[in-house]
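Here are the chains, one letter per residue:
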Amino acid sequence: MNLRDVDDALDVADEVVPVDAPPQAAIAPQPSQNHSLKHSLLGPSLTKAGQDAVDQKKVAEIIYDASKGSKFFDNEEVKDRTLTVKIERILKQKAQLEKLDLKSDLRRADDYITSLELSRDLSQYVVHIDCDAFYAAVEEIDRPELRNVPMAVGQGVLTTCNYEARKYGCRSAMAGFVAKKLCPQLVCLPLNFDKYTAKAKEVRAILAEYDPRFESSSIDEAYVNITEYCDTHHIDPDAAVEQLRKEVHEKCKITISAGIAPNAKLAKICSNKNKPNGQFRIPNDRAAVISFISALPVRKVNGVGRVFERELDAIGIRTCGDIYAQRAYLHRLFGEKAFQFLMQTHLGLGRTIVQPAEEYERKSVGTESTFRDISNKNELREKLRHTAEELEKDMARVEVKGRTLVLKVKLHTYEVFTRQVAPPRAVHLADDLYNFSLPMLTKLEKDMPDFRLRLMGLRCTHLISTRKDKPNFFRQRSSNAKSADQENGEWEVWPDSEFEEAARQERQQEFDELERLSQEQPDFDPQSSTADWHEPFGRYKYGSEPNSPVARAGHLRNEGAANNKSGAEQEQQWDCPICQLPQPANDRDFNGHIDLCLSRQTIKEAVAEARPDPLRASPDVLSVSAPGLPKPRLSTKRKASASTGVKSGLSNTAANGRKQKKLFFT
DNA sequence: GCGGATCAC
DNA sequence: TATGGTGATCCGC
């Protein structure tokens, strides 16, 4: 189901919402019926995983009525209005662009497509595993009588619900009282993280049989590369995954859904295809990939949320196939990152690397909490104090200090503000956290006319390790983590710091020295002066690509790190993916070289030869092997795992001992 | 570098 | 009666 379908479903002879009204106008009462707002209120899980059995129109009306009049609702209306205005601006901008000569934009897009196509890797079998209604399923093991009644886990806000409850339109992230309106007999259970964690551990033990380097992306999701398993066991991917799912079902008593595809992005989409308790495969075949992706609504792709969906819809992009026709506009309308992301999405490309979550690096740690509205100054200080103490605990747990401190507040109106400060020294103790954030709070207090808060949070970024002892891989992990995600080994979203730190032991002294320096010079940046920041053990880093392959960022819409600037880059060289020759290791020069490389005659011929005939209905018939072109060199690690693409991920290739700028799609 | 916004789970 | 918490990253300034 795409946005259009939803709008059709919601079509009830509405008044038209004026698009040119300023956001502030939303404070005034709105027409009772508003397509996009209702769509928004339906929640994010609607279009990701289909809820086709439910009467969406009715559900939308109930949610709308239940929410109407609340401050939450008012704020949603403001956001909806703001987005409508923004989309108007995009449309105007596009109309302007249509008058211009976009030949160079078009060529740029086509050249990029060609370079992407040249690097396509179809050698891997990547599986995405997704446990069906995980928390609810675990609860049902202990209480089978709940299996056939609508049930949800989580009280204030539903964390998940079983399929029985979904028939009524209930879903995760929905407010409890709204869910009860949809389904009065809904049973709500409290969260029991220990139970889910234990079950997740059972499941991951099975995944490890198929791929010891599988990657958990959350407590109930994982990526497994079964290429090698299929090879050594002489089994095809479908059968291997059938077997894996059967094994999980029998041993763990829960069902899982799986997607099998040549890369992680497609696998993730596939796992939703036959949910629950099913699997779906896209063969490792370009034509199959293209035919699958072409008809796929963009909303199904990780990284396209409700906002981007509406923006794309406005310029005529609803499916991934629609992207191609708009390729000349994307860069100017949405920026470089979104352009690359959309081009890669259109071609069905994604990362083929699967690696343990431990190998990703934490960049911030924070805590926040919601409470009844508070405006009293002393009470607010108490809240800040409490928040600081909570953060100290968290920072002790992951053994870091922060060089930047961020205060977040949410007003009673649901408006969010953040303020940050760089204390003269790295901080982690509650006293420091409190003292350095208090001025930010008091200033906000002073500046805001009606400073009533419903939420307060503190976060530290620019982290510095405080670990002093020798790393020990077998050390007992701390068990007092606040959430299951942080508590458990291979399933956790974020690596335990000792794992990261183990890999950094050789930098410890350097760390200490840098920290000392940072305390003397607040602006000093350890990362920009550390010669070889990554991989003392030759491990790979592919930029920051944490839990989810497609960057979990609104505007990122891309995978991997954009700002993976290491000081090491300056002395390093990167290999050009086209000509294979080493190039200066900085983004500008490197990209410049790639442009040059791409514009060479051989490439031009390839482009001309491979470029789809614009008059043809299906533009996606690029020949993979362009004659006369060198094949991109692929890493042989884990069977040509590699990566290509044009994202600037930096990895340390142990073989040649120098940094290689890898191109990858992740 | 900062603050707002978006996205995922 | 009343709509979460944690973390990442992008964009515009």
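Note that the structure is predicted; figures quoted are calculated from it, not measured.

Asker: So what about the overall build of chain A? Which residues, and what values?
Answerer: The secondary structure content of chain A amounts to 24 helices and 16 strands. Burial status across chain A gives 54% buried among its 666 residues. Partitioning the intrachain contacts of chain A with sequence separation of at least 6 by distance along the chain shows that 69% fall at a separation of at least 24. By element, 52% of the accessible surface of chain A is carried by carbon and sulfur atoms, the whole surface being about 29100 Å².

Asker: Help me get a handle on the packing of aromatic side chains, residues and values and all.
Answerer: Each aromatic ring pair is summarised here by two numbers: the centre-to-centre distance and the angle between the ring planes. Under the definition given, this model contains 10 aromatic pairs. For the ring pair F193 and Y196, a centre distance of 6.2 Å and an interplane angle of 75° mean the geometry is edge-to-face. Residue F193 and its partner Y196 are both found in helix α10 (residues 193-210); the two are separated by three residues, about one turn of the helix. Among the residues examined, F193 registers a relative accessible area of 29% and is labelled partly exposed. Residue Y196 is classed as buried on the basis of its relative accessible area, which comes to 0%.

Asker: Please set out the confidence of the model for chain A residue by residue, giving values where relevant.
Answerer: Taken as a whole, chain A shows an average pLDDT of 74; of its residues, 64% reach a score of 70 or greater. Of the regions scoring below 50 in pLDDT, residues 1-32 engages in 57 contacts with residues more than four places distant in sequence or in other chains. The low-confidence segment residues 578-582 (pLDDT under 50) makes 18 contacts with residues lying over four places distant or belonging to another chain.

Asker: So what's going on with the packing of helix α5 (residues 71-99) against helix α15 (residues 306-314)? Which residues, and what values?
Answerer: Geometrically, a packed helix pair is captured by the angle between its two axes and the distance between the axes. Between α5 and α15, the least distance of the axes is 10 Å, while the angle of their chain directions is 35°. α15 is crossed by α5, and the crossing has right-handed handedness. Each of D80, L83, T84, K86, I87, I90 and L91 in α5 lies in contact with α15, whose residues at this interface are V307, R310, E311 and A314. Grouping the constituent residues of the contact of α5 with α15 by class yields six nonpolar, one polar and four charged.

Asker: Can you lay out α5 for me, pointing to particular residues and giving the numbers?
Answerer: Helix length check: α5 (29 residues) gives 43 Å between terminal C-alpha atoms against 42 Å at 1.5 Å per residue, within 8%. Among all positions in α5, only F73, N75, E76, E77, D80, R81, L83, T84, I87, I90, K94 and L97 are buried. For α5, the secondary structure elements touched by its buried residues are α2 (35-41), α4 (56-67), α15 and α16 (327-334).

Asker: Can you explain the pairing of strand β11 (residues 416-421)? Please cite residues and give values.
Answerer: Two elements, strand β10 (residues 400-411) and β11, share six bridges in a ladder whose sense is antiparallel. Considered in β11, the bridge of L405 is made with V421. In this structure, the hairpin formed by β10 and β11 is closed by a connection of four residues, where Y414 is found at a positive phi of approximately 80°.

Asker: Which residues make up the pattern of salt bridges, and what values go with them?
Answerer: Counted under the stated rule, the structure contains 41 salt bridges. We note a salt bridge from E311 to K86, for which the minimum N-O separation is 2.8 Å. With E311 in helix α15 and K86 in helix α5, the pair connects residues that are 225 residues apart, well separated along the chain. A single salt-bridge network, built from bridges that share partners, covers E117, R120 and R286.

Asker: I'd like a description of the pairing of β10, backed by residues and values.
Answerer: The buried fraction of β10 amounts to 11 of the 12 residues, a majority that puts the element mostly inside the structure. As judged from the 11 bridges shared by β10 and strand β12 (residues 453-465), these two strands associate in the antiparallel manner. The residue of β12 that forms the bridge with V406 is R459.

Asker: An account of α15 is requested, with residue identities and associated values reported.
Answerer: Buried within α15 are the following residues: F308, E309, R310, E311, L312 and D313. Taken from the residues just after α15, G316 is the one with a positive phi, measuring 90°.

Asker: How would you sum up the side chain of D121? Please name residues and give values.
Answerer: Residue position: D121 is located in the loop between α6 (103-118) and β1 (126-131). Exposure remark for D121: the relative accessible area of 9% places this residue in the buried category. At a separation of 2.6 Å, a polar atom in the side chain of D121 contacts the side chain of S123.

Asker: Help me get a handle on unusual backbone geometry, residues and values and all.
Answerer: Of note, the bond from K275 into P276 is cis; its omega dihedral lies within 30 degrees of zero at -5°. Within the element layout of this structure, P276 appears in the loop between α13 (264-270) and β8 (279-281). Positive phi outside glycine occurs at K253, with the angle close to 65°. Within the secondary structure, K253 sits in the loop between α12 (237-252) and β7 (256-261).

Asker: Hey, could you go over the sheet that holds strand β9 (residues 364-374) for me, with residue numbers and the actual values?
Answerer: Reading across from one edge, β9-β12-β10-β11 is the order of the four strands in this open sheet, with antiparallel pairing throughout. This sheet does not close on itself; its edge strands, each paired only once, are β9 and β11. Between one strand axis and the next, the sheet turns through 20° on average, direction left out of account. Packed on one face of the sheet, helix α19 (residues 430-447) meets β10, β11 and β12 and runs near 30° to β10.

Conventions used here
Residues numbered from 1 in each chain as written. Chains lettered and ligands numbered in written order. Predicted model: local features only at pLDDT ≥ 70, side-chain atom pairs only at ≥ 80, totals over all residues. Heavy atoms only, no water. Helix = DSSP H or I, 4+ residues; strand = E, 2+ residues; numbered from the N terminus. Buried < 20%, exposed > 50% of the residue type's maximum accessible area, 1.4 Å probe, protein only. Contact = heavy atoms within 4.5 Å. Areas by Shrake-Rupley, 256 points an atom, 1.4 Å probe, with all protein chains shown as cover. Phe/Tyr/Trp six-rings, centres within 6.5 Å; stacked < 30°, edge-to-face > 60°. pLDDT = per-residue confidence, 0-100. Axes fitted to C-alpha atoms, helices over the stretch in contact; angles between N-to-C directions. Left-handed = near helix turned anticlockwise from the far one by under 90°. Nonpolar A, V, L, I, M, F, W, Y, C, P; charged D, E, K, R; others polar. Expected span 1.5 Å × (residues − 1). Pairing = 2+ DSSP bridges. Salt bridge = Lys/Arg side-chain N within 4 Å of Asp/Glu carboxyl O. Polar contact = N/O pair within 3.5 Å; in protein donor to acceptor, adjacent residues only side chain to side chain.

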